Amino acid sequence: MSKYLTRRRRLLLPLFALALAAIAFAGVSSATAGGKSCGTVTLNEQAWAGSTANTYVAKYVLEHNLGCKVNVTQITEVPVYQAMADGKTDAVLEDWGHVTQQKQYVAKQKTVVAEGVNGVIGVIGWYIPDYLMKQYPQFKTWRGLKGKETIFKSPESGSQGMFLGGDPSYQQKDRTLIKALGLNLKFVSVGAEAAQVARWTQLYKQHKPVLFYWYDPQYLNAQYKLDQVKLPPRFPGCQDDESKGGNPKKYACAYPTYILQKFFSKKFATSGSPAVKFLKKWKWSNTDQNVVAGMIAGQHMDPDKAAEKWVKANQAKVKAWLR
Amino acid sequence: MAVAAERVGRVAYQPVRAWWRNRYLLSGLVIAGMVIAYQVWPNGYPWPSALTWNSLPGYLDNFQTWLSDQQGSADPSVIFTILNGISTGLGDFVSAIASLCHDLTWVGTFAAGVLVALRFGGVRASLWVAGAFASFAAMGLWDEAVQTFALVAASVILSLAVGMPLGIVAGRSDRFLRAITPVLDAMQIIPAFAYLMPVVILLSVGPGAAVVTTMIYSVPVAIRITALGIRGVPGNTVEAAQALGSTRRQILVKVQIPLARKLLLLAVNQTILFALSMVVIAALINTDPGLGGLVTNGLNTNPALAILAGFAIVIMAISIDRSTEAMAERTDPARAHVTEAKRRRLWLETGATAVAIGLTVGIAYSLGAGAVFVNAGNAPAWMQEKIQDALNYVEDPSTWLFSVTSWIGNHLVEYGLQPLLNFFTGTPSPVMLGGLTLIAFLLSGWRPAVTTFAMLGVIGVIGEWSNGMNTASQVVVALVLTMLLAFPLGIWVAESKRASAAIRPVLDVLQTLPQLVYLIPFIYLFPVSIVPGIVAAVLYAAPVVIRLVSAGIRDVPANTVEAAESFGATRAQLLLKVKIPLAQDAIMLGVNQGIIMVLAVVVIGGLVGSGGLGYEVAYGLQQGKFGPGVVASIAILALGIALDRVTRGNRQARLEGSR
């Protein structure tokens, strides 16, 4: 037993030494920069390039014009509502419509506050490459797909044509839509956006036919020439949440246009920080976002540097946000 | 899954049966019958909606809403205060480790790591640590690495603190082991995606929630392997100790734990690797996401950076593993002949280490070294560029490589996976249910057959029949491939030191490199949705099976082997008739863990296009549909139990036959 103890003590000693050294020097380290009344702002960056662009441009202005310290969290879309409710994250600058969460946290608990639009308009739809549209002009609308579905055949779609589904986290109703429109297509999910992009860009490079769920603003839309296949127009009472089930015919309409919104933590919104005023005003366009997202995701530029470049080139817009 | 619940009758004795009663032949006939039924009624008789209970997701959603209401109400219950305290405490633990590293400055952290490793692990260990630090610095990921290290260190310490005592209890009590096994299965199989949201409601986001999520996954492995180790201590040794009048406590401390040392170290090693494999998912709810965050977010914005971060995770895993292993070896009781003089020298060394660390930190401060290393210069950009070049090559569909892999992928799907998937989902559901139950009966006996029937019934009743069968077809393929790969390799590794040394780093990389990272190239190379998921499952499950199989074979008592040798057994005989039968417990644990690991990747598969249950779970978290996600997870768990019963029965039947 005694041998055991000494061995343990031998292990403990350097730990003590470490701890002592740490305590001795801990005091010296932290001297916070900036100051003013802004303090720390925590923004949430989500897993698409547009969100990164929003976050880092706002971050740059907050740090350089308002002297805030900015933390960036990367919490995924749904749990981030709870994070805002708890005050762990201050703001989400682009939300693509999470109805259930908004009901729960914004309307009922009032722990999260909707703070208006971010200026970006989200479009979701069915896309094909431009070369395909030139070859088959009838694909301008969904009706033209009828009878031609098999050109989209793939190993996993069997005798049907493949419809390449979007990232599971995005709003979609394509399975029901295909059924409602009576198309001979098989909904094939390839999972996360990176996987979906891999699939269609590869087919694009080979100039093969592909029909897929896609959206705008998206930086890849500048690199690849894509066209939308028109879906039936929206009608009153047409549905978008396919998990509700019911008659597929009720879903037979195009996706709505998404006016993307900003959400703040209640705590942050009522904190009186100058950052709140700025972030409320902060707003830009699809083109602006695509420029920055393209630098980040297309050219793999450091997000901070991409934001800096855009801000320096767009001083007028920045001034308007700060007014 | 009650590993080693019965230790009696280990004789590998097959009762003589008439050829037409061969259970494999009969199972084959059952399958043939199912195929005929599929041909006759393709896609007929899906699971009847009258037998489906559709309101479960709704109830689950209501439960989550209720939980969220409670948490967000003006005066939340005291439970939330306690949970909040736990979460804050865990978070503080993680932050304390991270801020210790920051306070030491990067120079001090480097020196402390290397010197402590040198003192307790020797030169090799310190070189591993130094190499790891140098690569984080060169990759420009110092701070992310510190964050991840803090999270993993905290999770591993807590997992071992919880898991080892429970494992010891489970090693000594059959009843306890049997009671917790299903819980452990559930913890490992139910995908983290399914319970991330309730965890966040209860514990909020941040390092505390990340630690809990990681622990749910890494505690079971600590418990399992510890129990296996304690159980593996030869019964006659324990009896001898009892005969000498040892108390239960003495038997544990002086006999069982020291003799189980090797497997206990494996438990530590595997806990570290499991904790690191959760880094990416934990980043989804962490406020200091570290390397895991770079992986998840980088996938869309900068895949090269995501891959680099993935390799940083691997480097961290290997260096922690190697240096802790060296430390453990140094403290091996077999090597501890500590004389007075040697003890004094060790004290001096310890003192010198502490002084050296203190001095380095002091010098670092006087030179104004930062908390983290930032001046990596062009190195990170250069590395990312190289990775991007490789990716560009892989992404280019005009290379010869692509023409080979896409051909393989397409044919694999067209003639293998897709027909199998169609068979599983298209066979009339009563035929499928009956057939699988019958096979379970033939291979394993009536009890597992009842469980299989019940589990498949659950999948149907909760409305996941079609998704469940879709996933089952892929899981079966992945499992067969895993076993075909892992068994021979495991045996080879056990038999050859050189093979073991060569293959170990490969296993470490496969086990710790986040699947999302190595899936990127596979997505491009095999542009068919099901293949990458299966590849991921095999690559993830095989290392664990290889390790368990080889550990089991190596742990066969040397005197037994010698006895067999002295009777003139050839190497093949030794392997087939002595080692493999005696290693059966470990091998069965290998099969069990193989099933669990394959199922653990089902969700990752969902993210890269495997569809089925994995897609439902991923979709559930990301679209905020809690209910459907949990229901799909239950189906994954049921599938896992059913598969386990079918495969385990073989052994049980043999035991029964030998009685």
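For clarity, every value in this text was computed on a predicted model and none was experimentally measured.

Observations concerning the overall build of chain A
Okay, step 1: A tally of helices and strands in chain A yields 12 helices and nine strands.
Okay, step 2: Residues counted as buried form 48% of the 323 residues belonging to chain A.

Section: the overall build of chain B
Okay, step 1: Across its full length, chain B holds 30 helices and zero strands.
Okay, step 2: With respect to the three principal axes, the spread of C-alpha positions in chain B is 85 × 65 × 60 Å.
Okay, step 3: Buried positions account for 55% of the 659 residues belonging to chain B.
Okay, step 4: For chain B, contacts bridging at least 24 residues in sequence account for 83% of all contacts bridging at least 6.

Digging into the environment of R124 of chain B
Okay, step 1: Counting through the fold element by element, R124 of chain B comes out in helix α5 (residues 123-139).
Okay, step 2: Separated by 58 residues in sequence, R124 of chain B and W66 of chain B place their C-alpha atoms 54 Å apart.

Remarks on the confidence of the model for chain B
When pLDDT is low, close inspection of the predicted coordinates is not appropriate.
Residues and elements named next belong to chain B.
Okay, step 1: Put simply, chain B has an average pLDDT of 85, and 95% of its residues get 70 or more.
Okay, step 2: Ranking the elements of chain B by mean pLDDT puts helix α30 (residues 626-658) last, at 75, and helix α6 (residues 142-172) first, at 94.
Okay, step 3: Overall, residues 1-12 carries pLDDT values under 50, and its contacts beyond four positions in sequence, including any with other chains, amount to 26 contacts.
Okay, step 4: Note on residues 652-659: pLDDT under 50 across the span, and 14 contacts to partners over four residues away in sequence or across chains.

Looking at the domain arrangement of chain B
Residues and elements named next belong to chain B.
Okay, step 1: What the domain assignment reports for chain B is domain 1 (19-61 + 152-310 + 397-658) and domain 2 (104-139 + 311-395).
Okay, step 2: For domain 1 and domain 2, the distance between their C-alpha centres works out to 33 Å.
Okay, step 3: Listed as interface residues are 26 residues of domain 1 and, on the opposing side, 22 residues of domain 2.
Okay, step 4: Taken together, the elements giving at least two residues each to the side of domain 1 that touches domain 2 come down to α12 (261-277), α15 (303-330), α22 (497-512) and α23 (515-525).
Okay, step 5: Residue composition of the side of domain 1 that touches domain 2, by class: 21 nonpolar, four polar and one charged.

Topic: the interface of chain B and chain A
Okay, step 1: Counting from both sides, the interface comprises 69 residues of chain B and, opposite them, 58 residues of chain A.
Okay, step 2: Per-element accounting of the side of chain B that touches chain A gives the leading share, eight residues, to helix α16 (residues 340-366) of chain B.
Okay, step 3: In the side of chain B that touches chain A, the residues fall into 37 nonpolar, 28 polar and four charged.

Here we look at the packing of helix α25 (residues 558-566) of chain B against helix α26 (residues 571-582) of chain B
Residue and element names in this part refer to chain B.
Okay, step 1: Look at α25 against α26: their axes get within 11 Å of each other, and the N-to-C directions meet at 160°. As summarised for this structure, α25 and α26 are arranged roughly antiparallel, according to the angle between their axes. α25 and α26 meet at a crossing whose hand is right-handed. Two secondary-structure elements touch here, α25 through T560, V561, A564 and E565 and α26 through L574, V578 and L582.
Okay, step 2: Its residues placed into classes, the contact of α25 with α26 shows five nonpolar, one polar and one charged.

Observations concerning the environment of N559 of chain B
Okay, step 1: Its location among the elements puts N559 of chain B in helix α25.
Okay, step 2: Placed 474 residues apart in sequence, N559 of chain B and G85 of chain B show a C-alpha to C-alpha distance of 53 Å.

With respect to the pairing of strand β5 (residues 161-164) of chain A
All names here are of chain A.
Okay, step 1: Side chains G161 and F163 project from β5 onto one buried face, and the interleaved M162 and L164 project onto a second face that is buried too.
Okay, step 2: Following the chain from β5 across helix α6 (residues 174-181) to the adjacent parallel strand β6 (residues 185-188), one finds a crossover that is right-handed.
Okay, step 3: Direction of pairing for β5 relative to strand β7 (residues 211-216): parallel, over a ladder of two bridges. Following the sheet pairing, F163 is matched in β7 by L211.

Quick word on the domain arrangement of chain A
Residues and elements named next belong to chain A.
Okay, step 1: Taken domain by domain, chain A comprises domain 1 (40-120 + 259-322) and domain 2 (122-251).
Okay, step 2: On the domain 2 side, the residues contacting the 15 residues of domain 1 number nine residues.
Okay, step 3: Counting residues per element, the ones that place at least two in the side of domain 1 that touches domain 2 are α2 (49-65) and α10 (286-298).
Okay, step 4: Top element by residues in the side of domain 1 that touches domain 2 is α10. It accounts for seven residues.
Okay, step 5: Residue composition of the side of domain 1 that touches domain 2, by class: seven nonpolar, seven polar and one charged.

Focus on the pairing of strand β2 (residues 69-73) of chain A
Look at any regular strand and the pattern is simple: side chains alternate between the two faces of the sheet.
Residue and element names in this part refer to chain A.
Okay, step 1: Where strand β1 (residues 40-44) and β2 come together, five bridges link them in parallel fashion. Bridged to L43 within β2 is V72.
Okay, step 2: With α2 bridging β1 and the parallel β2, this β-α-β connection has right-handed handedness.

Regarding the environment of E149 of chain A
Residue and element names in this part refer to chain A.
Okay, step 1: Structurally, E149 can be placed in the loop between α5 (130-135) and β5.
Okay, step 2: Here the alpha-carbon distance between E149 and H98, two residues 51 residues apart in the chain, equals 32 Å.
Okay, step 3: In contact with E149, other than residues within four places in its own chain, are Q160, G161, L183, N184 and L185.

Here's the deal with helix α9 (residues 207-232) of chain B
Residue and element names in this part refer to chain B.
Okay, step 1: The end-to-end C-alpha distance of α9, which contains 26 residues, comes to 37 Å, matching closely the 38 Å that a straight helix rising 1.5 Å per residue would cover.
Okay, step 2: Taken as a whole, α9 carries its principal kink of about 35° at I216; the proline P220 stands between one and four residues after it.
Okay, step 3: Extensive coverage of α9 is indicated by the burial of 25 of its 26 residues.

Focus on unusual backbone geometry
Residues and elements named next belong to chain A.
Okay, step 1: That bond from D216 to P217 is cis: its omega, 5°, falls within 30 degrees of zero.
Okay, step 2: Within the secondary structure, P217 sits in the loop between β7 and β8 (226-229).
Okay, step 3: Phi angles above zero are rare outside glycine, and H207 is one such case at about 55°.
Okay, step 4: Within the element layout of this structure, H207 appears in the loop between α7 (193-205) and β7.
Okay, step 5: Among the residues examined, H207 registers 12 C-beta atoms within 10 Å and is labelled exposed.

Remarks on the confidence of the model for chain A
Residues and elements named next belong to chain A.
Okay, step 1: Summary statistics for chain A give a mean pLDDT of 86 and a share of 89% for residues scoring 70 or more.
Okay, step 2: Long-range and interchain partners of residues 1-11, a stretch whose pLDDT sits below 50, account for four contacts in this model, where long-range means more than four residues apart.
Okay, step 3: Here residues 22-36 scores under 50 on pLDDT; set against residues more than four positions off or in separate chains, the count is 16 contacts.

Thresholds, definitions, all that
- Residues numbered from 1 in each chain as written.
- Chains lettered and ligands numbered in written order.
- Predicted model: local features only at pLDDT ≥ 70, side-chain atom pairs only at ≥ 80, totals over all residues.
- Helix = DSSP H or I, 4+ residues; strand = E, 2+ residues; numbered from the N terminus.
- Buried ≥ 20, exposed ≤ 12 C-beta atoms within 10 Å, placed from the backbone.
- Contact = placed C-beta atoms within 7 Å.
- pLDDT = per-residue confidence, 0-100.
- Domains from an automatic or database assignment.
- Nonpolar A, V, L, I, M, F, W, Y, C, P; charged D, E, K, R; others polar.
- Axes fitted to C-alpha atoms, helices over the stretch in contact; angles between N-to-C directions.
- Parallel < 35°, antiparallel > 145°, perpendicular 65-115°, else oblique.
- Left-handed = near helix turned anticlockwise from the far one by under 90°.
- Right-handed = clockwise from strand over helix to strand, strands pointing away.
- Pairing = 2+ DSSP bridges.
- Expected span 1.5 Å × (residues − 1).
- Bend = angle between axes of the 7 residues up to and from the residue.

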